[in-house]
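Examination of the molecular architecture
Chain residues, written in single-letter form:
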Amino acid sequence: MTKQILIISPHTDDGELGCGGAIARFVREGYDVKYVALSCCEQSVPEEYPKDILRREVKAATKILGIDDPILLEYEVRKFPQYRQQILDTLIELRNEIKPVTVFTPSSFDTHQDHKITREETLRAFKQSTILGYEQPWNNITFNALAFVSLKEEYLQMKIDALGCYETQNDRSYFDCDFIRGLALTRGTQIEERYAEAFEVIKWVLR
């Protein structure tokens, strides 16, 4: 049986930033990877862009990683605390539909209010799944790197190419390819590999 993996991205781009290399690797190793963005952030789109631009950008980005049909929802950006119960209900629906063995979500150390709610409701919804928290240093004062996914050059390049689809975000320093490659080099060095992504072990389930 193909193992089901679910990537939970509070906003478009979070999943790619946190585990884009792992997504590329898992897809090409035959895993069934699903991606959900809880918000397409229309309220924060710069005025010079159409409101649905992030919806188009995330589709292009995830396609590069190997996902053709990302699940795109419409919770309002920066207001997730108001929608906590609805988000939990949505995640339970996804759990029942996808039945993931492993779930990737923001880490426990993420300070963004939407990311914090996403992580908390992920833990409530996916009681039978392994849950790994992905790293986003610009939101993390600290991080507990206990799980690593080693990456080949091709997977890291796919991550960089996917993030390049976000024209609306290219002024953010953490989209810079040197930053992405440098972080992957740092995490790779910790496990004596060339590149890697690191994850917090929120919950580990063995059967």
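The structure reproduced in this document is the subject of the present report. Predicted model, so just to flag it, every value in this text is computed and none were measured. (Residues numbered from 1 in each chain as written. Predicted model: local features only at pLDDT ≥ 70, side-chain atom pairs only at ≥ 80, totals over all residues. Heavy atoms only, no water.)

Mapped onto the elements, T130 comes out in strand 5 (residues 130-134). Judged by its relative accessible area of 5%, T130 falls in the buried class. The residues contacting T130, other than those within four sequence positions of it, are V101, T102, V103, K203, W204 and V205. (Helix = DSSP H or I, 4+ residues; strand = E, 2+ residues; numbered from the N terminus. Buried < 20%, exposed > 50% of the residue type's maximum accessible area, 1.4 Å probe, protein only. Contact = heavy atoms within 4.5 Å.)

On inspection of all chains with the given rule, the structure shows ten aromatic pairs. Taking the centre distance of 6.0 Å and the plane angle of 65° together, the rings of W138 and F179 count as edge-to-face. On the criterion of sequence distance, the pair formed by W138 in the loop between strand 5 and strand 6 (147-151) and F179 in helix 6 (residues 177-190) is long-range, its members being 41 residues apart. By relative accessible area, W138 is classed as partly exposed at 28%. (Phe/Tyr/Trp six-rings, centres within 6.5 Å; stacked < 30°, edge-to-face > 60°.)

Because an α-helix completes one turn every 3.6 residues, residues spaced three or four positions apart along the sequence face the same direction. Look at helix 4 (residues 113-125): 18 Å from first C-alpha to last across 13 residues, which is about the 18 Å you get at 1.5 Å a residue. Where helix 4 is concerned, the buried positions are D114, H115, I117, T118, R119, E121, T122 and A125. (Expected span 1.5 Å × (residues − 1).)

The subject of this paragraph is the pattern of salt bridges. Taken as a whole, this structure holds 13 salt bridges when the rule is applied. Notably, a salt bridge pairs D52 with R56, separated by 2.9 Å at the nearest N-O pair. Classification of D52 by relative accessible area gives partly exposed; the value is 32%. For E121, the salt bridge identified is with R84, shortest N-O distance 2.5 Å. Linking E121 in helix 4 with R84 in helix 3 (residues 84-98), this pair joins segments that are 37 residues apart in sequence. When salt bridges that share partners are traced, they join R84, K116, E120, E121 and R124 into one network. (Salt bridge = Lys/Arg side-chain N within 4 Å of Asp/Glu carboxyl O.)

Taken in spatial order, the seven strands line up as 3-2-1-4-5-7-6 in an open sheet, and their pairing is mixed. Here the strands that pair on one side only, and so sit at the sheet edges, are strand 3 (71-72) and strand 6. Both strand 1 (residues 4-11) and strand 2 (residues 32-39) contribute to a ladder of seven bridges, which runs parallel. Bridge pairing in strand 2 places I5 opposite V33. (Pairing = 2+ DSSP bridges.)

Glancing now at unusual backbone geometry. We note that R78 has phi near 70°; this positive angle belongs to a residue other than glycine. Looking at the element boundaries, R78 is found in the loop between strand 3 and helix 3. Of note in the backbone geometry, E192 takes a positive phi value of approximately 60° without being a glycine. With respect to the element layout, E192 can be found in the loop between helix 6 and strand 7 (195-203).

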